[in-house]
Each structure stands twice: as C-alpha cells, then as structure tokens.
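Geometric and topological summary
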Amino acid sequence: MDALEGLSIGLSQVLTPYNFGFMLLGTVLGLLVGVLPGIGGTAGVAILLPVTVFIAPGAAIMMLAGIYWGSMYGGIVTSILFGVPGNPWSVAVMFDGRPLAKQGRAGLAMMAAFTVSFTGAIGAALLFTFLAQPFASLALRFGAPELFAILLLAFATFVGLGGQSPFKTLAMIAAGLLLATIGLDTISGTPRLTFGTFSLLQGIHFIPVTIGLFGVGEILYNATERIRGLVADTHVKPRFADFVYAVKVQVRRWWAFLLNLAIGFVTGLLPGLGATPASFMAYGIARRTSKHPEDFGKGSIEGVMAPEIANNAAGTAAILPMLTLGIPGSPTAAVIMAGLFIWGLTPGPLLFEQNREFVWGFITSLYFSNTVAFLICIFLTPLLAMVLRVPYAILTPIIVVFSLAGAFTVNNSLFDIWLVLIFGVLGLLLRILDYPLAPLVVALVLGFPTEAELRRTLILGDGSPGILFTRPISAVVIVVALLLFAQPLIALVVKRLRKGPVPEKEPELVR
C-alpha cells in the first residue's frame, strides 16, 4: 500500500466526529499544558494517558498526538511573553523571542514562531508519511540480533550525543534497566527483586514512574524555584502584517528552512535525542551561518525561527522509529508507546499490516492537529496568555490530583499512588543534582524488549554474543553503538593529547 492510499484511509479515520472531537480536545489541552511553565508535553501526555483506556485506541492516540503538538505551540507563548519556557524545547526560542518582546515586537516574534512551527511540522509530516512504510518494510527483515543492536544504539545515543555527563547518563540508564527487571522473569517466570512483596510481582509500571518524575517532580522543582514571578498584564495580539513579514523571511531564507528541517528530522530519528537537542543544534548553526551573528541574543528573527523549525521536525520524526521499530525517539514518544501496550497493540513493522487504520489515522492526524494548533494560536493567543494569571497555588493541587488519579487508573492500585509520590520526590532530587531524567524513562520502557532480544540473540548464537558481528546490519549498528559509548572517553583523550605534556618547571637557582 502506497502513502497516498494510506492517507486516504487515515483521512476517513480522522474525519470521524468521534475521533476528530478527541483530537481537538487533545490539541486544546496540549496548548494549555504548553503554556503552563514547567509542565511540558511529556508530563501532559503521561498524566492524561490513563484516561485514554476508556476510549477507542484510534481516538486515544489522536488525542495524545493533539496534546503533544499542542504543547509545542503553547510553549512558544510563555517563552516569548514572559521569558519562562513552557517546555524544554522552548528554551532556545526564548533567547531571541524574549528580547523581541521587550522591544515591543512580541506579536512578530510569536507569529514567526507559529508560522515556522507549522511549516516545519507539516514538512516533517510529509517525510514521515513517505518514509513510514519503507521503514516498516525494512524492519520486517530484522531478527533478534538486529533489534538488540538497535536497542543498544538507543542507549548509546544518550551517552555519546546527549550532551549530559556520561557518568550521570550511564547511572540513570542502569537505574532504569534495574527497575525494568523487577517482577517476574521473562523466560522462567521466577520472581526477581521483589523482596517477598506481592505488589512488586507485577513489576514497576512505566506510567506511575513517568507521572512522578515529569509531573509531580517538575511541580515540586518549580515550587522550590518560585517560577511564577510572571507579568499578568501582558496583552498581545499578533497582526496580519507580522504574519506576512514572517512568511517573507521564511521564503527568503528557504535554504535555512530546509537545513533546519533536515537537522530536526534526523535528530528526531535518533533514539534518545528528540526535540530539545535539535532546537539548540539548529540555533547554533543558524548563528554561525547568519550574515548578522551579532544580532543573536538581542532579538534576531532568525534566532526565533531556526529552533522552532527543528524542534517541530524532531518531535514528528521521533514517532517514526517508535511505530516502525518499537524504539521511541524521545521521552514523549516513549509515553505514547506505553499507550500502545495499554490498548493491546504492539509497536513494530507488523503494526502497519495488522492495524493499518490505526497507524494511518495517527499519521493523518499529524497534519490536522498541527493545523488546529496553528489556527488557535493565531486567533486566541491573548486567551492562552490569560491562563498564566491563575495563581500557581491553585493550579498545583489540581495538577497533582489529576496525576494521582491518572496513576491509580492504570491498575486500580494504591501502590501506584505511592510510586508517583516516591518518584516525584526522587525527580526533584535528580533535577537539583542535575541528573537527566530521559535516560531513566527510556531505559525503563526499553528494558523488557532489550532483555528479551538479548536472550533470543544468545540462543541463536549458542550462548555466544559473537553472532552480533557475523550479521552485516547488526555488526554495523553494534560498532556505531560502541563508538558512541566510547565517545566521551575518546574526546577526553584527544583533548589531553592536543594540550600536550605539561612542561616541568626549571628549578630556581639558589643565590
């Protein structure tokens, strides 16, 4: 089935009133989540994921898609108007968006950000549409060694490309894998790390951990930072002239659009990276290639556009390996993948054959959710900004209650409530100590399939891991993964070699 036929199937799914209504609801909720500083799309999707158990899977994933892409647009509002990023990937747009707002050009900054967010997301959606089926067809040829190699690559990208301390990243990956082993052994059914506790036999579920780390943990962290020192009297109404000027700039710099689209899409495909590093990478390249780099940080329109194109492209691309390989490209994609398991679906290449209405309905919803979010942002930005006038003391308990209720609905267990509270406090401590949360979450999600594929690989190789190097695809991927794991050490050695040996001080002459 070609992409155009798939889109026609998806169109019939999206335009169903039931599905479209939930997609619209998710987009509005995502915009509100994005506007609230410190919550973000990942936490919003995680908090509302348990609610989707009560609706059809097609409508559920469209709702989550609406939350995801709506939050991307919502984060623009608070970053530009108040200098407080609503999402991690909205930090880079704040560097020049906030100075433009201080100059009285907030309307131009937001209109430029909304416009390139829309075009970047649609461009990435087109790439997604035409690459999804070939990606899935290629994945059908993968056996256990290839799948294990790709899963290992997912962890390696955190260490080699994540930008965080490699030791802290490895510690968080190890913690996530350790949590994934709690419960019954996948092969023998023997209890592991349960310490005789009945509640741990079912393992540590992904949803309570994510809600605790990204939901409650972020709220506690923001409360300690007193992030709500915002201006309540900001009134902004983007003008049509701002829209025209933003389009002209984008057309004039079409090559920069294509470059940032490619940066975002490729970065999003790499497991473990996602929209945040893509936005910073695009911002840095835009500053280096600009004719006026001195304007960056002072209100450059290019500094607003570049990261927004990249982060929307990366956010879209991060879903592709999740659907076709079962490997999430970002923490938010990992949350959505957990939803597939909850709805009784298995991500991977067979999903395109066994549930094609579901898959193509989701792909088609990428176009509609972005269009709806774009139109809402253009016409209702002042109303979105009004959400920031609600006292944080009122918003906080409401979000916490929704978080606890969402965690409880997973297994109807009070144990999950305790997990949310424990990991909420743990998330606060990890944020204070500057430990990355994404590696832990992705390792927890991928821990089970990684162990399963490793065991199948060892069975195929009669207990020897050498089989990984006898198959072309797995051998190449394994070598790349090992190089990424070693990259921090290689960089350290190269840095010391460039400095050369430290010259010894000559002894002073005794007078």
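Refer to the structure printed above.
Let me sum up the structure you'll find in this document. (Residues numbered from 1 in each chain as written. Predicted model: local features only at pLDDT ≥ 70, side-chain atom pairs only at ≥ 80, totals over all residues. Heavy atoms only, no water.)

Turning to the overall build of the protein chain, a few remarks are in order. Looking only at helices and strands, the protein chain has 21 helices and two strands in total. Considering the protein chain as a whole, with its 511 residues, one finds that 56% of them fall into the buried category. The long-range fraction of contacts in the protein chain, counting pairs at least 24 apart against all pairs at least 6 apart in sequence, stands at 78%. Only carbon and sulfur atoms are counted for the fraction: they give 69% of the accessible area of the protein chain, which is about 22,400 Å². (Helix = DSSP H or I, 4+ residues; strand = E, 2+ residues; numbered from the N terminus. Buried < 20%, exposed > 50% of the residue type's maximum accessible area, 1.4 Å probe, protein only. Contact = heavy atoms within 4.5 Å. Areas by Shrake-Rupley, 256 points an atom, 1.4 Å probe, with all protein chains shown as cover.)

With respect to the element layout, asparagine 312 can be found in helix H13 (residues 301-317). When its relative accessible area of 0% is taken as the criterion, asparagine 312 is described as buried. Every residue in contact with asparagine 312, bar those within four places of it in the chain, is listed here: Met72, Tyr73, Ser117, Ala121 and Asn370.

What follows deals with a nonpolar patch on the surface. Taken together, the side chains of Phe469, Val479, Leu482, Leu483, Ile490 and Val494 present a nonpolar region at the surface, about 520 Å² in accessible area. Mapping leucine 482 onto the fold places it in helix H21 (residues 472-499). (Patch = residues over 30% accessible without salt bridge, like charges linked within 9 Å, V, L, I, M, F, W, Y side chains within 5 Å. Salt bridge = Lys/Arg side-chain N within 4 Å of Asp/Glu carboxyl O.)

According to the stated counting rule, one finds five aromatic pairs in the structure shown. Between the aromatic rings of phenylalanine 20 and phenylalanine 368, the centroid separation amounts to 6.5 Å while the plane-to-plane angle is 90°, which identifies the pairing as edge-to-face. Here phenylalanine 368 lies in helix H17 (residues 356-386) and phenylalanine 20 lies in helix H2 (residues 17-35), a separation of 348 residues in the sequence. Ring plane angle 20° and centroid distance 4.7 Å describe the contact between phenylalanine 118 and phenylalanine 374, whose orientation is recorded as stacked. Here phenylalanine 118, found in helix H6 (residues 106-139), pairs with phenylalanine 374, found in helix H17; they are 256 residues apart in sequence, far enough to count as distant. Phenylalanine 118 sits in the partly exposed class, given a relative accessible area of 21%. (Phe/Tyr/Trp six-rings, centres within 6.5 Å; stacked < 30°, edge-to-face > 60°.)

Gaps between atoms show up when a probe of the same size as a water molecule is rolled over them. Counted by the stated rule, this structure contains one cavity of 30 Å³ or more. As for the largest cavity, its lining consists of 16 residues, of which Arg253, Ala256, Phe257, Asn260 and Ala306 are closest to the centre. For the lining of the largest cavity, the secondary structure elements donating two or more residues are helix H10 (240-252), helix H11 (254-269), helix H12 (275-289) and H13. Among the elements that make up the lining of the largest cavity, the one with the highest residue count is H11 (five residues). For the lining of the largest cavity, the per-class residue count stands at 11 nonpolar, three polar and two charged. (1 Å grid on protein atoms, 1.4 Å probe; cavity = no way out; pocket = protein on both sides within 12 Å on 5 of 7 lines; lining within 4 Å. Points joined across faces, edges and corners; volume = space filled by probe spheres on them. Nonpolar A, V, L, I, M, F, W, Y, C, P; charged D, E, K, R; others polar.)

With that settled, the discussion passes to the pattern of salt bridges. For the coordinates displayed, the defined rule picks out five salt bridges. In this structure, glutamate 451 engages arginine 455 in a salt bridge whose closest nitrogen and oxygen atoms are separated by 3.3 Å. Of this pair, glutamate 451 and arginine 455 both sit in helix H20 (residues 438-460), four residues apart, which is roughly one turn of that helix. You can call arginine 455 partly exposed: its relative accessible area is 27%. Residue glutamate 453 pairs with arginine 456 through a salt bridge whose shortest N-O separation is 3.0 Å. Of this pair, glutamate 453 and arginine 456 both sit in helix H20, three residues apart, which is roughly one turn of the helix. A relative accessible area of 44% places arginine 456 in the partly exposed class. Connected through shared salt-bridge partners, Arg192, Glu451 and Arg455 make up one network.

Turning our eyes to something else, we now look at the nonpolar core. In terms of nonpolar packing, the biggest core is built from 120 residues, with Ile319, Leu323 and Leu340 touching the most fellow members. Sorting elements by how many residues they give to this core places helix H4 (residues 57-82) first, with 16 residues. Residues Ile182, Val209, Phe423 and Leu444 belong to the second largest nonpolar core, which totals 15 residues. (Core = buried A, V, L, I, M, F, W, Y, C linked by side-chain atoms within 4.5 Å.)

Next up on the list: helix H19 (residues 414-432). Helical geometry note: an α-helix holds 3.6 residues per turn, so side chains three or four residues apart project in the same direction. Relative to the 27 Å expected for 19 residues at 1.5 Å per residue, H19 spans 28 Å between its end C-alpha atoms, a close match to the ideal helical length. Residues of H19 that are buried: Phe415, Asp416, Ile417, Leu419, Val420, Phe423, Gly424, Gly427, Leu428 and Leu430. In the stretch just after H19, aspartate 434 is the one whose phi turns positive, near 65°. (Expected span 1.5 Å × (residues − 1).)

Packing of H11 against H13 brings their axes to within 7 Å, and their N-to-C directions diverge by 35°. Where H11 crosses over H13, the two elements pack in a sense that is right-handed. Residue-level contacts link Phe257, Asn260, Leu261, Gly264, Phe265, Gly268 and Leu269 of H11 to Ala306, Ile309, Ala310, Ala313, Ala314 and Ala317 of H13. Of the residues that constitute the contact of H11 with H13, the class distribution is 10 nonpolar, three polar and no charged. (Axes fitted to C-alpha atoms, helices over the stretch in contact; angles between N-to-C directions. Left-handed = near helix turned anticlockwise from the far one by under 90°.)

A few words now on the environment of valine 116. Following the sequence through the fold, valine 116 ends up in helix H6. Classification of valine 116 by relative accessible area gives buried; the value is 0%. For the pair valine 116 and glutamine 250, spaced 134 residues apart in the sequence, the C-alpha separation amounts to 7.6 Å. Not counting residues up to four positions away in its chain, the partners in contact with valine 116 are Gln250, Met305, Glu308 and Ile309.

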